[in-house]
Amino acid sequence: MNVREQLLALNDELRRLKSEGRRTVTISEDNLDQLRQAVADVTTIETAAPISAEMISQPLVSAAAPTAMSPVEPTSSRVRQPAPSVVPVPVARTVVPVYTTAPLPAPPVVTLPAGDKTTRWAALRELVLNHPVCQAHVRPGKQVVLGVGDLDARIFFCGEAPGPEDEVQGEPFIGPPGQLLTRMIQGMGLKREQVYITNLMNWRPEMALDARGEQIGNRAPSPEEIKFCLPFLRAQLEIVQPKLIVALGKTAAEGLLGQGPIKTLGEIRGQWHAFGELPLMVTYHPSYILRNQSNSSKRMIWEDLLKVMERVELPISDKQQNYFL
Ligand code: URA
C-alpha cells in the first residue's frame, strides 16, 4: 500500500469508528509524527480520489481534549501519552465534485395514441419534452432531448445522453461526437435524416456548475436514470420499428442489454446481441474515436458498421469495404 492508500484506509477506519459512535481516538506521539509526515508528503491526495464535502469540512482525526461532544473514553482503552494535539487533515485544494441527484420516481407508463407514425411521435415528443421529471433535470436555457430522424428508418442508433451542445439545440448528437456519427452514417451511403438517432437518456446527466453557471464535464447516467428514461426509448422503437439497433458505446450497451456492468466493450462489440426481438449491434461511441484517431480504431467501428450494412442489405462498394485499411 502506498501512502495515499494508507491514508484512505485510515480515513475508512475512522469513518467506521465514527459510525459506531466513537467521538475520539487516542494516538501515540510517534504515530502522530508519522501521520504528520505522511500528510506532508501527500500533496495530491485531494485530487486522487473523490472527496466529499463532509470529508473536507470535518477533521477526520481529532485527538483534541475531550468535550461534551467527545466524551472521555474509559481509561483502560486509552494509551497514556503526552498532551494530545490536533492532526492536520489533508485540505482539498482541487475538489473533484461528487454529484448526487435526488431519487427518481417510478419510470413513466407511456401509452401512445392511435394514428400514424407522425401523430404518435408528435404525441410522444410532447409528453417527453414536458414531462415534469425531465423538466426538473434540465437547467435554464437547456432542453429535454428526444430522438430525431426518419420514422421509417431501418437503422436506429442509440447513444448515452445529450451532450453540452445537444441540450442547447434540443437534438441528439449535434456536438463533435455527433458530427463524427453523421460522417460515419454518410460513409455507409446514407444521410443523417435516413436513420433514427436517439439516446438512453432524455436529459444531460447533471454535474456541478462552474463559476459561470456552466456544467463541469459529463458523467455517465446512473442505472436509475436509465431505468426512468427506458419507457421513452421503448416508445420510440414502437413507433419507428427499425430492423436493428446500434448501441454506441459501453453505457448504451449496458443500458440496452440490461445485464449489469460490462468489463470492456472490446469483449462484446462487433457481435449481434438482442434487445427484445430486435438485433442489436454494439460498437464504440464516436467519442472513443475522437480520442483514438488511429486507423485501427476507425477500422474497428467501421467493421461493425459493415455488419449493420449487410444486415439491412445496403450495397457495399469495394471502396467502402476497404475504408481505414
Ligand atoms: N451526444 C449525444 O446525443 N449522445 C451521446 O451519447 C453523446 C453526445
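Computed from a predicted model, the values in this text were never measured in an experiment. (Residues numbered from 1 in each chain as written. Predicted model: local features only at pLDDT ≥ 70, side-chain atom pairs only at ≥ 80, totals over all residues. Heavy atoms only, no water.)

Visitor: Looking at this model, I keep getting lost on helix 9 (residues 223–240). Mind explaining?
Guide: For an α-helix the count is 3.6 residues per turn, leaving residues at separations of three or four pointing the same way. Between the first and last C-alpha of helix 9 there are 25 Å, a value that for 18 residues agrees with the 26 Å anticipated at 1.5 Å per step. Along helix 9, the sharpest change in direction is near 40° and occurs at Cys229; proline Pro231 comes one to four residues later. The element helix 9 is extensively covered by neighbouring structure, given that 13 of its 18 residues are classed as buried. Following helix 9 by one or two positions, Gln241 adopts a phi angle in the positive range, close to 50°. (Helix = DSSP H or I, 4+ residues; strand = E, 2+ residues; numbered from the N terminus. Expected span 1.5 Å × (residues − 1). Bend = angle between axes of the 7 residues up to and from the residue. Buried < 20%, exposed > 50% of the residue type's maximum accessible area, 1.4 Å probe, protein only.)

Visitor: Whenever I open this one, the site of the ligand confuses me. Can you help?
Guide: The local shell around the ligand consists of Gly159, Glu160, Ala161, Pro162, Gly163, Asp166, Pro172, Phe173, Asn199 and His285. Here an oxygen atom of the ligand and a backbone polar atom of Glu160 are 2.9 Å apart. Note that an oxygen atom of the ligand is positioned 2.9 Å from one of the backbone N or O atoms of Phe173. Broken down by class, the residue content of the shell around the ligand amounts to four nonpolar, four polar and two charged. (Near = heavy atom within 4 Å. Polar contact = N/O pair within 3.5 Å; in protein donor to acceptor, adjacent residues only side chain to side chain. Nonpolar A, V, L, I, M, F, W, Y, C, P; charged D, E, K, R; others polar.)

Visitor: Just to check I follow, could you spell out the packing of helix 5 (residues 117–129) against helix 9 for this structure?
Guide: For any two helices packed against each other, the geometry is given by the interaxial angle and the distance between the axes. At their nearest, the axes of helix 5 and helix 9 sit 10 Å apart, and the two run at 170° to each other. One way to sum up the angle between helix 5 and helix 9 is to call them roughly antiparallel. Where helix 5 abuts helix 9, its residues Lys117, Arg120, Trp121, Leu124, Leu127 and Val128 lie against Phe232, Ala235, Gln236, Glu238, Ile239 and Val240. (Axes fitted to C-alpha atoms, helices over the stretch in contact; angles between N-to-C directions. Parallel < 35°, antiparallel > 145°, perpendicular 65-115°, else oblique. Contact = heavy atoms within 4.5 Å.)

Visitor: When you look at helix 5 in this model, what are you seeing that I'm missing?
Guide: The end-to-end C-alpha separation of helix 5 is 18 Å, in line with the 18 Å expected for 13 residues at 1.5 Å each. For helix 5, the set of buried residues is Arg120, Trp121, Leu124, Val128 and Leu129. Buried positions in helix 5, seen along its axis, are confined to an arc of 150° and lie on one side of it. Summarising the geometry of helix 5, the exposed residues directed more than 90 degrees from the buried face are Thr118 and Glu126. Where helix 5 is buried, its residues touch helix 6 (132–136), strand 3 (196–199) and helix 9. (Arc of directions from axis to C-beta.)

Visitor: Any chance you could explain the side chain of Glu225 here in plain terms?
Guide: Locating Glu225 in the fold gives a position in helix 9. Exposure remark for Glu225: the relative accessible area of 1% places this residue in the buried category. A distance of 2.9 Å separates polar atoms of two side chains, one belonging to Glu225 and the other to Arg219. Here the side chain of Glu225 touches Ser222 through a polar contact of 2.8 Å, landing on its backbone nitrogen. The contact partners of Glu225, leaving out residues within four places of it in the chain, are Thr101, Leu104, Met201, Trp203, Pro205, Glu206 and Arg219.

Visitor: Just checking my understanding: could you explain the environment of Gly260 for this structure?
Guide: Note on placement: Gly260 falls in the loop between helix 10 (250–257) and strand 5 (272–275). The exposure class assigned to Gly260 is partly exposed, which follows from its relative accessible area of 34%. Sequence separation between Gly260 and Pro223 is 37 residues; the distance between their C-alpha atoms is 8.8 Å.

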